[in-house]
Amino acid sequence: MDINTYNQREMQLLLREKLIEVEERRKEGTPDFNARSVSKELREKITGGTLCIK
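These remarks concern the structure in this document. Given the structure is predicted, the values throughout are model-derived calculations rather than measurements.

Focus on the pattern of salt bridges
For the structure shown, the criterion picks out two salt bridges. In this structure, R25 engages E21 in a salt bridge whose closest nitrogen and oxygen atoms are separated by 2.8 Å. Placement of both R25 and E21 in helix α1 (residues 3–28) is noted, with a separation of four residues, approximately one turn of the helix. On the accessibility criterion, E21 (38% relative accessible area) is partly exposed. Among the salt bridges present, the one from D32 reaches R26, with a minimum N-O distance of 3.4 Å. Looking at R26, the relative accessible area reads 45%, which means it is partly exposed.

What to know about a nonpolar patch on the surface
The grouping of F33, V38, L42 and I46 at the surface amounts to a nonpolar patch, some 450 Å² of accessible area in total. In this fold, I46 is placed in helix α2 (residues 35–47).

Calculation notes
Counting restarts for each chain: residues are numbered from 1 in the order of the written sequence. Owing to the predicted nature of the model, reporting of local features is limited to residues with pLDDT of at least 70; listing and counting of side-chain atom pairs is limited to 80 or more, with chain, interface and lining totals taken over all residues. Side-chain numbers come from the whole structure's heavy atoms, not from hydrogens or water. Salt bridges, as used here, are contacts in which a Lys or Arg side-chain nitrogen is within 4 Å of a carboxyl oxygen on Asp or Glu. Counting from the N terminus, the helices are the DSSP runs of H or I reaching at least four residues and the strands are the DSSP runs of E reaching at least two. Type-normalised accessible area, obtained with a 1.4 Å probe on protein chains alone, sets the label of each residue: buried when under 20%, exposed when over 50%, and partly exposed for intermediate values. Exposure above 30% relative accessible area and the absence of a salt bridge qualify a residue for a patch, where like charges join within 9 Å and nonpolar side chains (Val, Leu, Ile, Met, Phe, Trp, Tyr) within 5 Å. In this description, accessible areas are obtained by the Shrake-Rupley approach with a 1.4 Å probe, and a residue is regarded as covered only by the protein chains that are shown.

Read these as layout, nothing more, since geometry by itself doesn't imply function.
Rendered as structure tokens:
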């Protein structure tokens, strides 16, 4: 196995571990947020409730 294949395999294994961890958290009831809602909430906090869309 060459080094690139090895590195790619290791990255896939790390991603798999992260996905399993996320799934376990969901089963435990930990809330998750999508990127759009987090962006909207941050924008509102930063601008004091007024949206500045560029």
